[in-house]
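# A look at the structure
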Amino acid sequence: MTQISAAITAVGGFVPEYRLTNAILETMVDTNDEWIRTRTGVEERRILKEPGKGSSDMAVPAIQEILKKKNMAATEIDCIICATVTPDMVFPATANVIGDKLGATNAFGFDVGAACSGFLYALTTGAAFIESGRYKNVVVVGVDKMSSIIDYTDRATCIIFGDGAGAVLLQTNEEGLGIRDSILKSDGQGRHYLHMKAGGSVRPATVETVMAKEHFVYQEGQAVFKFAVKGMADVSAELLERNGLTADDIAWLVPHQANLRIIDATANRMGLPKEKVMINIQKYGNTTAATLPLCIWDWQDQLKKGDNIVLAAFGGGFTWGATWIKWAI
Ligand code: UT7
């Protein structure tokens, strides 16, 4: 019997129009373009400004792009998995809202909360649904409206993050292409360095939590940086080793776009030249769960059938991981 694998057969993306440039941030906080570029690599980020719009409003156009490309009806989607840390609301799941807005009446859906590694966790989960033979069309979307949880008076965080959505369609493949292997990791000790203090069941929202700015991202940047450099590089190297792959076999590295210095360290550790690394942090910043699919979206025309691609991420939790894909389209 032929083994079924799960392959990405279409990609969609969405970024809001408004560009928050380094020059504009210079007027908001005590920072400067030079510092931001050299310490992070970010030049501008997209921000979803319209009142009343949330993560689902970015995920929907990203998925609609896929449906259009595949000439598919929303009713053909079996499952929607949404990776996000900025759901439209605490419940129901944003995947349900997305399904409703799309008219995906035959799909079940749920959210995955693994911060910047969310897309990898969701992709691996979606692939397992396909590999089981139970489902045919699984949509995985990574989306975050980080501007909804960023304190724009905090120069340490507001310069990094942006808003956006990227989605992929997973379908069956019988040629041995698609998602080949994944290593996912987490360590709850890392929660102390990167989190949101209030708004959950431990510290529900009160006037005090709002006044204390506890509904914004809290990050100990230097500590996260150290763990991220090691975690992302180690797991990527482990993935190559266990699959007998060398740098020469890899066509593309798709790294989480948190900081250009972390991306460079991961590429160096894997022995990959810069030409093989997807980098779009300069134009979108860190869009959390959306960085990986937005890279694939930006580079889709350059990908060739059979290309070996490694996706790698590190984020809040801590969560981290790497996935090997043999490009199928
Ligand atoms: O995606 C999820 C995972 N997150 C990450 O991977 C993020 C990892 N961390 C980072 O990317 C970096 O730690 C940051 C970009 C957040 C910060 O860069 P850093 O090189 O670690 O800076 P730092 O926090 O060590 O600060 C160095 C200096 C400090 O000044 P002093 O104390 O040396 O005088 C900061 O106050 O830079 C100052 N600084 C700034 N200066 C200008 C911090 N933020 C800014 C700023 N503009 N925006």
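Residues numbered from 1 in each chain as written. Predicted model: local features only at pLDDT ≥ 70, side-chain atom pairs only at ≥ 80, totals over all residues. Heavy atoms only, no water.

In the vicinity of the ligand there are 22 residues, among which Thr-31, Arg-155, Gln-222, Asn-259 and Asn-286 approach most closely. Between the ligand and Arg-39, the relevant distance is 2.9 Å, taken from an oxygen atom to a side-chain nitrogen or oxygen of the residue. One of the side-chain N or O atoms of Asn-259 is found 2.7 Å from an oxygen atom in the ligand. In the complex, the protein chains occlude 73% of the 950 Å² of accessible area that the ligand would expose alone. At the level of elements, helix H2 (33-40), helix H6 (155-158), helix H8 (221-242) and helix H9 (260-270) are the ones that each hand at least two residues to the shell around the ligand. When residues in the shell around the ligand are grouped by element, the largest group, four residues, is from H8. (Near = heavy atom within 4 Å. Polar contact = N/O pair within 3.5 Å; in protein donor to acceptor, adjacent residues only side chain to side chain. Areas by Shrake-Rupley, 256 points an atom, 1.4 Å probe, with all protein chains shown as cover. Helix = DSSP H or I, 4+ residues; strand = E, 2+ residues; numbered from the N terminus.)

So, on to the packing of aromatic side chains. According to the stated counting rule, one finds 11 aromatic pairs in the structure shown. Ring geometry for Phe-314 versus Trp-320: centroids 5.7 Å apart, planes at 35°, classification tilted. Members of the aromatic cluster, connected to one another through ring pairs, are Tyr-193, Phe-227, Phe-314, Phe-318 and Trp-320. One Lys or Arg, Lys-197, reaches over the ring of Tyr-218 and ends 3.8 Å from the middle of that ring. (Phe/Tyr/Trp six-rings, centres within 6.5 Å; stacked < 30°, edge-to-face > 60°. Lys NZ or Arg CZ within 6 Å of the ring centre and 35° of its normal.)

Here helix H3 (residues 55-70) spans 23 Å end to end across 16 residues, near enough to the 22 Å set by a 1.5 Å rise per residue. Looking only at H3, the buried set comprises Ser-55, Ser-56, Met-58, Ala-59, Val-60, Ala-62, Ile-63, Ile-66 and Leu-67. Here the buried face of H3 lies against strand E1 (5-14), helix H4 (94-102), strand E6 (138-145) and strand E7 (163-173). Backbone geometry just downstream of H3 places Asn-71 in the positive-phi region, at approximately 50°. (Expected span 1.5 Å × (residues − 1). Buried < 20%, exposed > 50% of the residue type's maximum accessible area, 1.4 Å probe, protein only. Contact = heavy atoms within 4.5 Å.)

A few words now on the sheet that holds E1. Taken together, the five strands give an open sheet; going across it, the order is E1-E7-E6-E4-E5, and neighbouring strands pair in mixed fashion. Taken across any chain shown, the strands that pair with only one partner, and hence form the sheet edges, are E1 and strand E5 (108-112). Sheet twist, expressed as the average angle between the axes of neighbouring strands with direction ignored, equals 20°. Relative to E6, strand E4 (residues 79-83) runs parallel, the two sharing five bridges. Following the sheet pairing, Ile-81 is matched in E6 by Val-140. Here helix H11 (residues 291-299) sits on the sheet and contacts E1, E6 and E7; the angle it forms with E1, its principal contact strand, is near 85°. (Pairing = 2+ DSSP bridges. Axes fitted to C-alpha atoms, helices over the stretch in contact; angles between N-to-C directions.)

Taken domain by domain, the protein chain consists of domain 1 (5-176) and domain 2 (180-326). Computed from C-alpha atoms alone, the centre-to-centre distance between domain 1 and domain 2 is 14 Å. Counting from both sides, the interface comprises 48 residues of domain 1 and, opposite them, 46 residues of domain 2. When domain 1 packs against domain 2, the two sides together hide about 3600 Å² of surface, and 62% of this comes from carbon and sulfur. For domain 1, the biggest contributors to the area lost against domain 2 are Cys-116, Leu-120 and Tyr-121; these three give 18% of the whole. (Domains from an automatic or database assignment. Buried area = accessible area lost by both parts, 1.4 Å probe.)

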